[in-house]
Amino acid sequence: MGPCPVVGQWQGSGLSLGLYGALPSGGQWQGSGLSLGLHGALPGGGAMAGIGALSGNKPDNTAFTQQRLPAWQPLLSAGTALPLFFCAGLACLALGLGLHFSSATIRELELDYTGAPGSGHNCSRCANASRAGAAGCTCSLRFELPERFPGPVCLYYQLANYYQNHRRYSVSRDDRQLSGVASGLSNPATECSPFRTDPRGIPIAPCGAIANSLFNDTFALYHLANGTFYPVPLDNRGISWWTDSNIKFSNPELINGSLEAAFRGTTKPPNWPHAAYMLDMGNLNNTGFINEDFIVWMRTAALPTFRKLYRRVREGNFSSGLPQGTYRLDITYNYPVLSFQGTKKVIFSTVSWMGGKNPFLGIVYLIFGSACILTGFVMLAVHIKFQKQNQMDVE
Amino acid sequence: MCRARRSPADPGSVAEEERRVKANAREYNEKFQYASNCIQTSKYNIITFLPVNLFEQFQEVANTYFLFLLILQLIPQISSLSWFTTIVPLVLVLTITAVKDATDDYFRHKSDNQVNNRQSQVLINGTLQQEQWMNVRVGDIIKLENNHFVAADLLLLSSSEPHGLCYIETAELDGETNMKVRQAIPVTSELGDISKLAQFDGEVICEPPNNKLDKFSGTLYWKENKYQLSNQNMLLRGCMLRNTEWCFGLVVFAGPDTKLMQNSGRTKFKRTSIDRLMNTLVLWIFGFLVCMGVILAIGNAIWEHEVGACFQIYLPWDTAVDSAFFSGFLSFWSYIIILNTVVPISLYVSVEVIRLGHSYFINWDKKMYCAQRQTPAEARTTTLNEELGQVEYIFSDKTGTLTQNIMIFSKCSINGRSYGDVLDLLGHKAELGERTEPVDFSFNSLADPRFRFWDASLLQAVQLGNPHVHEFFRLLSLCHTVMSEERNEGELYYKAQSPDEGALVTAARNFSFVFRSRTPKTITVQELGRAVTYQLLAILDFNNVRKRMSVIVRSPEGRIRLYCKGADTILLERLHPAHHELLNVTTDHLNEYAGEGLRTLVLAYKDLEDGYYEEWADQLLRASTASEGREDRLARLYEEVERDMTLLGATAIEDKLQQGVPETIAILTLANIKIWVLTGDKQETAVNIGYSCKMLTDDMTEVFIVTGHTVLEVREELRKAREKMMDSSRSMGNGFSCQEKLISSMSASRLTSVLEAIAGEYALVINGHSLAHALEADMELEFLETACACKAVICCRVTPLQKAQVVELVKKYKKAVTLAIGDGANDVSMIKTAHIGVGISGQEGIQAVLASDYSFSQFKFLQRLLLVHGRWSYLRMCKFLCYFFYKNFAFTMVHFWFGFFCGFSAQTVYDQYFITLYNIVYTSLPVLAMGVFDQDVTEQRSMEYPKLYEPGQLNLLFNKREFFICIAQGIYTSVLMFFIPYGVFADATRDDGTQLADYQSFAVTVATSLVIVVSVQIGLDTGFWTAINHFFIWGSLAVYFAILFAMHSDGLFQMFPNQFRFVGNAQNTLAQPTVWLTIILTTVVCIMPVVAFRFLKLDLKPELSDTVRYTQLVRKKQRAQHRCMRRVGRAGSRRSGYAFSHQEGFGELIMSGKNMQLSSLALSSFAARSSSSWIETLRKKKGGDSTASSPSGGADKPLKV
């Protein structure tokens, strides 16, 4: 027996496969025929009878069983790695530049209205009041837009140090109830507790900590033109996902055309001033569980600092954007955050194809793109230096 | 299937102290409640399967651990994940294992059934009835026929042969294929017919069931007489009746009580080093897990104290949780649940699946299939495959493993002329049939057609009537202990005790000196077509001291002649000094033959005068009847007559090596594997084989031979050997003191041997009795160090136990993977001891195979098993483990980072379905495909570059360092996986201005990048992209997106609103360019550094396999390393050993006529006088194990000639 015959480099080509395919039938027959004799001879009495189940079977000569499946064997060579690095680097740089510039075009204005004590803020008074439990305190902010914000301008509220992503908080809801299932109203899920039922045992709708902690500050925007503040119309439609307001959230079936009747037998969450069906009294399409502000709130945030869309400015005189100038924001300050060192902000922002202002992505792309190209050069240098040596090793 | 049997463990029953069995009395025997002959190796039946199997499975620590997790998840305050994230994988694992167990058990049931339903003839109520084996009871008398398996342990009562003899083959029991003789005690041997047997009512009182195969003691009480019974009277289950028409036996032990079943103990469970490493790592990971849990729990306590307590206006604490501390405690368990995916349950299952795949590849390998024997290679254990890639020491048996145990008459020297060389070819080669025609023996109708000889001149010499040649073959046809059987006219079968003898007699047969038949007093030889009957006067039998055997025959002409054959060293001294010249020529020939690795024998004869013979025979008779010093007196007489003989010539027998043995050994040596041969054979034979299979070469610096008989001698010899090696290396500038080294190494657990780095090639040959001393506690290190410094080690004359001890020694001190390969029952202990046991499914039964982990039928397949399958398995397993730990760390650690941003509340980053499916669906198949199919270099290259095997031995591909690199990579990935989306999502909004950074979108983004990153990573790791790999990798990605969209679909939400909360998420999130930009960025940042590292490593420090791959790629033809295996035949410097490997005692057996069919009535009187003393001799010589038990016949009687 000499060394094994050297088979061609690209084994398992179509041809050889076909060839192997033809063989086994003949070999198989012979193998099994003779194996009978072997079976008789080998296994002895008693426990040994199980052996030999395999013996006598000639293995199939297929590419699979012989581990000769045709295969692509990529090798990390200079020919692939270096171009990969340069291309990836360039692509990242290009993307980074694009992102950076489109992010730079976005206008954004943040207004903190937490009213921390001692800040001398207009809303400090309300903050103190809300801490004491009073609601309905209003304060207003005057601010300048240094330049025109092209429309549509979005108005966000941003909470910080607010843990909507806390496990116990984020499970404290009943999506069955929110999808309008009748039994969900009468018997909310246990996850909702302690906001499942009120002390008398009447089920809460909507139940759970998320719903209970619904953000209930309201904002009104006025534009100073010709010495008077004209209200800026704020559009509350379409601030939630279509799938949320149309599939995930539904009101219970109306009873005699009345949503109130449908909610009968339930009670409001303890923090709420009104029942759910009174969220938007005038508009049956925006009240109860399908109130968009409610839906937006119910889509809990991933991080402890988050912004949620409050309104859009896209109507009337302001459909093309907010002009430069002075504005006043009237805030109904209901929502206490000071107790847990939270902050509240209002943000005006324009959007582009990539959403709001987001410098992070562009910068990381730029950094990484440069790093890639740099590494590419290092690798090239190393390769040129060591290639010769390797060639010699090989030979 | 079997009815409940009395078990010794039953509280009610006392352990059996002695067994009483009465023949033909079922009622009497019934009251002892002996086990029936039904055997049950299966573990379950349909009803008990589920509970028993589950109970067994939960004894696994891993399964219990997951059960514990499951229970934790049922506590609402702790449950951070739904119960199904644990139960789905757990059920999957339990089901797969259960199905496997059920299949195994089904086959066991089937084989049990097959065995239990075998038919046997049982004597019931005076008639023979067909009964199934399972219905045979203790006390039954059953009839066995030729070539049938013995159904239970029987007391032999009578047989078709004279004197109640019967022949059995015990291959199933001890692996020996030669026949053994059993004899009924005289009183029962007359119970030939059924009517007498039916009245037989003897009672046997004997030992309780045990597992000693060679021992039995009992007494038969019959007709108020006592008869001692020994093992010689027993037929054990598993034996096969041979050459005996029928026999009757009394069932003494049945079913589970039989010695065979008592011996089938569970084999020790072997674990691979990777297994052990894996278990250590898993423990470390658990430690790490607990650390993370503690960190996060502390974080939780602080957070709840600082923030959570104030945040209670929106999120009040649970009623049961009244303090931050308690909350932290609960969150510890919650995090243990979430983070447990660092060690997923699928790890163990996947490892098993991969190993199973590799085992199938071994079973399927056509190149390890032996066409002659119709046996494929078989991986009998599926758990050791990757260890095949790490073997450092091979312990090999010789006979049947390196050699075929087939002896071929190859050459001979007659009267100073050497025959047998093939003239056209220079060297002697095994396969030369193509170019030269073998000698045509067709003129001789009695010739054995399988016999091949290539030198026609020998036949011419026979036909021309060369008297020396005639005498030569006459000797071969007369001087032996072979038995012949002639079933039809001219169809001769020889039964030889040793293959050497068979080869010699067959050679004579083909050269027209056909040994035809023998009686105790005659030998009939067909000489050149003429039947000549010689009178056999004496057989001077073989033994280890004499190393020769002789016969004294009287030819038809009345001439008395002694023919002798024996070892050259012994016989050449006993020749008549007159033939000095012939002696020199023959010695030259002998050296030449020995140089070729042939086993040689010298033949001589001597004419005896009538008177001298008579006198001598008289003395012999007296000596053999002497009560004291019989052996010595006989030996002296033999010595006296066997001298001044005339040299006839010499024979050379080829102990045929298995195919490809030298090449295999050469390649394995190149792969840095050390091969030790452990053989029971004699030193000369072993050394000879060492040379012929190129383990020993003449260019070796020195071959040390240790043959000391005392401790001191052995120590001295070992010391000398070491000193010589040290001297040579000292001259190379390596000045260590041997003694110093030894003292320091005594304390070190692992030898950091200086000696191993020694220059020059050495070999060590050590004898069994020296080895016994060398293996003693105070010398074993010295021995080991000496042996390990040698390139080749041969231990000869070792017992099976010593084989195991040697293996154990290396295992203990070298921390190296050992492999033992053998084919016989004597290798079983070594096969079981070594990390990997390989059985050669050869001629010597299947004991070794049964004990082995792998079996195949040719030694040469070992190189393929190790260099191809083992290497691949190791590579695949290592790659698999690296990737597996990487992917799970990348997956799980994200939760840890997220903990810092969610108030340490054990909130998961991903959807719970993703967590459930990640390990079992999204990422399992690609890595399995890699683990099963990956190849770095092709099989041809694996064999061509044995050095490729080294990374496995050095454990380079997966060790603690590699593990930490994988973990680091996983953690690095997890950091990016969390913080890049974090950075992006912090302020981002969607393109329509709505919120982007909601929890669900974040979850989908991170999960999608994770799946893509690990898929790209497996793509990078996969070195061998078959269609299956493509299918699995692309398929996994496709399945991920399919399941993602399905889970987030309206339909599922409307059915289970609380279970599928992510409704609409996939389409909303994945429609955002920002999200895709994030995913791409994460992928690129995770992967590119890996690519850079690999590229630089490839450029700066390429592994051999990389280089081979590279050259394969550029298709450079090259011949490195793989040097030409064939070396020039060495000059003859070694003397061949005495070729007889057979037992003493058969001469006596023949002379007694006991083993012959009683065709000639003339012998009957002779036979009656004689006794079974030959059996005694036979057994004594076999090892003196059972000399204590006396045979049936009582006292020894003299041998009459």
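It should be emphasised that the depicted structure is a prediction, and the values quoted were computed from it without experimental measurement.

Cut-offs and rules
Along each chain, residues carry numbers from 1 onward, in the same order as the chain's sequence is written. Key to labels: chains lettered from A, ligands numbered from 1, both in the order written. Only residues with pLDDT of 70 or above have their local features reported here, since the model is predicted, and side-chain atom pairs are shown and tallied only from 80 upward, although totals for entire chains, interfaces and linings are computed over all residues. Note that the side-chain values use all heavy atoms of the structure and ignore hydrogens as well as water. One bridge is not enough; two strands pair if DSSP finds at least two bridges between them. Working definition: helices are DSSP H or I runs of at least four residues, strands are E runs of at least two. Numbering for both runs from the N terminus. Count a disulfide wherever a pair of cysteine sulfur atoms falls within 2.5 Å. Any residue under 20% of the maximum accessible area for its type is buried, any over 50% is exposed, and the rest in between are partly exposed; the area is computed with a 1.4 Å probe on protein chains only. Should any heavy atoms of two residues lie within 4.5 Å, those residues are counted as being in contact. In protein, a polar contact means a hydrogen-donor-capable atom and an acceptor-capable atom, both N or O and within 3.5 Å, with residues adjacent in sequence counting only if both atoms are side-chain atoms; elsewhere, any N or O pair within 3.5 Å suffices. The definition of a nonpolar core used throughout is a set of buried Ala, Val, Leu, Ile, Met, Phe, Trp, Tyr and Cys residues joined through side-chain atoms within 4.5 Å. By buried area we mean how much accessible surface two parts lose on assembly, using a 1.4 Å probe and totalling the loss over both. Salt bridges are identified by distance alone: a Lys or Arg side-chain nitrogen within 4 Å of an Asp or Glu carboxyl oxygen.

### As for the sheet that holds strand β33 (residues 854–856) of chain B
Residues and elements named next belong to chain B. Across the sheet, which stays open at both edges, the nine strands sit in the order β14-β33-β32-β31-β15-β27-β30-β29-β28 with mixed pairing between neighbours. The outermost strands of the open sheet, each flanked by one partner alone, are β14 (378–379) and β28 (702–706). The pairing of strand β15 (residues 391–396) with strand β31 (residues 817–822) spans five bridges and is classified as parallel. Across the sheet, residue Ile394 finds its bridge partner in β31, namely Leu819.

### Considerations on the state of the cysteines
Residue and element names in this part refer to chain A. Within this structure, the stated rule accounts for three disulfides over all chains. One disulfide in the model links Cys123 with Cys139; its S-S distance is 2.0 Å. Taking the torsion about the sulfur-sulfur bond, which here is approximately 85 degrees, the covalent link between Cys123 and Cys139 counts as right-handed. In this pair, Cys123 sits in the loop between β2 (108–112) and α4 (124–132) while Cys139 sits in strand β3 (residues 137–145), placing the two residues 16 residues apart along the sequence. Grouping residues by exposure puts Cys123 and Cys139 together as buried. Covalent S-S linkage joins Cys192 and Cys207, the inter-sulfur distance amounting to 1.9 Å.

### As for the environment of A:Gly342
Residue and element names in this part refer to chain A. Relative to the helices and strands, Gly342 is located in the loop between β10 (325–333) and β11 (343–349). Taking the C-alpha atoms as reference, Gly342 lies 6.8 Å from Leu159; in sequence the two are 183 residues apart. Residues in contact with Gly342, not counting those within four places in the same chain, are Thr114, Ala160, Asn161 and Val337.

### Description of the side chain of B:Asn233
In this structure, B:Asn233 sits in the loop between β10 (225–230) and β11 (234–235). Within polar-contact distance, the side chain of B:Asn233 engages the backbone nitrogen of B:Ser230 at 2.7 Å.

### Observations concerning the nonpolar core
Formed by 208 residues in total, the largest nonpolar core has its most connected members in A:Trp297, A:Leu322 and A:Phe348. In this structure, A:Leu322 is in contact with A:Leu145, A:Glu147, A:Arg148, A:Phe149, A:Val153, A:Leu221, A:Val232, A:Val313, A:Tyr327 and A:Phe348, ignoring residues within four places of it in sequence.

### Focus on the pairing of strand β6 (residues 165–169) of chain B
All names here are of chain B. Of all five residues in β6, five are buried; the element is thus mostly enclosed. Both faces of β6 are covered, namely the face carrying Leu165, Tyr167 and Glu169 and the face carrying Cys166 and Ile168. As paired strands, β6 and strand β12 (residues 240–242) are joined by three bridges and run antiparallel to one another. Its bridge partner lying in β12, Ile168 is registered against Leu241.

### A word on the interface of chain B and chain A
If you look at the interface, chain B gives 138 residues, while chain A gives 123 residues. Between chain B and chain A lies a buried interface of about 11,100 Å² when both sides are counted; carbon and sulfur atoms form 63% of it. If you sort the residues of chain B by the area they bury against chain A, B:Tyr314, B:Gln995 and B:Phe1095 come out on top, with a joint share of 7%. Where chain B packs against chain A, one counts four salt bridges.

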